[in-house]
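Each chain, written out:
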Amino acid sequence: MLAAPARLGAVRLVCVDGPAGSGKTTLAGRLADALGDAAALVHFDELYAGWTITGAQGRLQAGVLGPLSEGRAGSHHRFDWGTRRFAAEPVAVPVRAVLVVEGCGSSPRALDPWTSLRIWVEAPADLRVARGLARDGWELEPEWRRWLGTEAAEFAREDTRERAYVR
């Protein structure tokens, strides 16, 4: 990854995308850990305004990608799922050789000019839902079921799986 061409200023953008519960966060964390101080990690679900992908890409571009492309640190406001609003304190995103962004919808076509690597992660639907509900709580099953449609529409619109370099 460090030998790949940087397309976001001096940064190599890696997008780890796929359906909820497929293992994106685990893979992205392991990649960032393997790269050590050369990597920064952003969780795309911190940019959602609740159970919607709408607006997350704009927040990523404005707060993180724009500054990094200019050699400056970026930041974003983390969505607090408990209070259902964005936190007042920004999360700093330092300039590193690699920025790993993981989450459903994190690799839209609009980011292609800056993306060095797109990774698609998937797992069987029943396993993904079971993982998600075990993590988030069974009381959120209606939201999870609705989310499955939201992410499927996003993946179809963006042709996400087929555009991935690695599956």
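Residues numbered from 1 in each chain as written. Predicted model: local features only at pLDDT ≥ 70, side-chain atom pairs only at ≥ 80, totals over all residues. Heavy atoms only, no water.

What to know about the overall build of the protein chain
Each helix and strand in the protein chain was counted, giving five helices and six strands. Reading the protein chain from its N end, one meets helices and strands in the order β-α-β-α-β-β-β-β-α-α-α. For the protein chain, the C-alpha radius of gyration of 15 Å lies close to 15 Å, the compact-globule estimate for 167 residues. Taking the principal axes of its C-alpha atoms as reference, the protein chain extends roughly 45 × 35 × 30 Å. (Helix = DSSP H or I, 4+ residues; strand = E, 2+ residues; numbered from the N terminus. Rg over C-alpha atoms; globule rule 2.2 N^0.38 Å.)

Observations concerning the nonpolar core
Grouped together as the largest cluster of nonpolar side chains are 29 residues, with contacts concentrated most on Phe44, Leu60, Leu65 and Leu99. Only β1 (12-17), β2 (39-43), α2 (56-69), β5 (98-102), α3 (125-136) and α4 (141-158) provide two or more residues apiece to this core. Element by element, the count of residues in this core is highest for α2, at five residues. Setting aside residues up to four positions removed in sequence, Phe44 forms contacts with Ile53, Ala56, Gln57, Leu60, Val101, Glu102, Gly103, Cys104, Gly105 and Ser106. Core analysis: the second largest hydrophobic core is formed by twelve residues, Val14, Ala38, Val98 and Leu117 among them. (Core = buried A, V, L, I, M, F, W, Y, C linked by side-chain atoms within 4.5 Å. Buried < 20%, exposed > 50% of the residue type's maximum accessible area, 1.4 Å probe, protein only. Contact = heavy atoms within 4.5 Å.)

Here's the deal with the layout of surface pockets
Counted as a void, the largest pocket has a volume near 570 Å³. Taken together, the elements giving at least two residues each to the lining of the largest pocket come down to α1 (24-35), β3 (74-80), α3 and α4. When grouped by side-chain class, the residues that make up the lining of the largest pocket number nine nonpolar, seven polar and nine charged. (1 Å grid on protein atoms, 1.4 Å probe; cavity = no way out; pocket = protein on both sides within 12 Å on 5 of 7 lines; lining within 4 Å. Points joined across faces, edges and corners; volume = space filled by probe spheres on them. Nonpolar A, V, L, I, M, F, W, Y, C, P; charged D, E, K, R; others polar.)

Some thoughts on the packing of aromatic side chains
What the rule picks out here adds up to seven aromatic pairs. With centroids separated by 5.5 Å and ring planes inclined at 80°, the aromatic side chains of Trp51 and Trp81 adopt a geometry described as edge-to-face. With Trp51 in the loop between β2 and α2 and Trp81 in the loop between β3 and β4 (85-93), this residue pair connects regions lying 30 residues apart in the sequence. Taking the relative accessible area as the measure of exposure, Trp51 reaches 13% and is therefore buried. Between the aromatic rings of Phe79 and Phe86, the centroid separation amounts to 5.3 Å while the plane-to-plane angle is 75°, which identifies the pairing as edge-to-face. Given the relative accessible area of 6%, Phe79 is considered buried. Through a chain of ring-to-ring contacts, the aromatic side chains of Phe44, Tyr48, Trp51, Phe79, Trp81, Phe86 and Trp147 assemble into a single cluster. We note Arg118 situated over the ring of Tyr165; from NZ or CZ to the ring centre the distance is 4.5 Å. (Phe/Tyr/Trp six-rings, centres within 6.5 Å; stacked < 30°, edge-to-face > 60°. Lys NZ or Arg CZ within 6 Å of the ring centre and 35° of its normal.)

Some thoughts on the state of the cysteines
For the coordinates displayed, the defined rule picks out zero disulfides. The thiol of Cys15 is unpaired, and the distance to the nearest cysteine sulfur, on Cys104, comes to 13 Å. (Disulfide = S-S within 2.5 Å.)

Things to note about the pairing of β1
Walk down a regular strand and you will see the side chains alternate between the two sheet faces. Most of β1 is tucked away, with six of its six residues classed as buried. On β1, burial covers both faces: Arg12, Val14 and Val16 on one face and Leu13, Cys15 and Asp17 on the other are all buried. Sheet topology places β1 next to β5; five bridges connect them, and they run parallel. Following the sheet pairing, Leu13 is matched in β5 by Leu99. Here five bridges tie β1 to strand β6 (residues 115-120), and the two strands are oriented parallel to one another. Across the sheet, the residue bridging to Leu13 is Thr115, located in β6. (Pairing = 2+ DSSP bridges.)

Function cannot be read off these values alone, since they describe shape.
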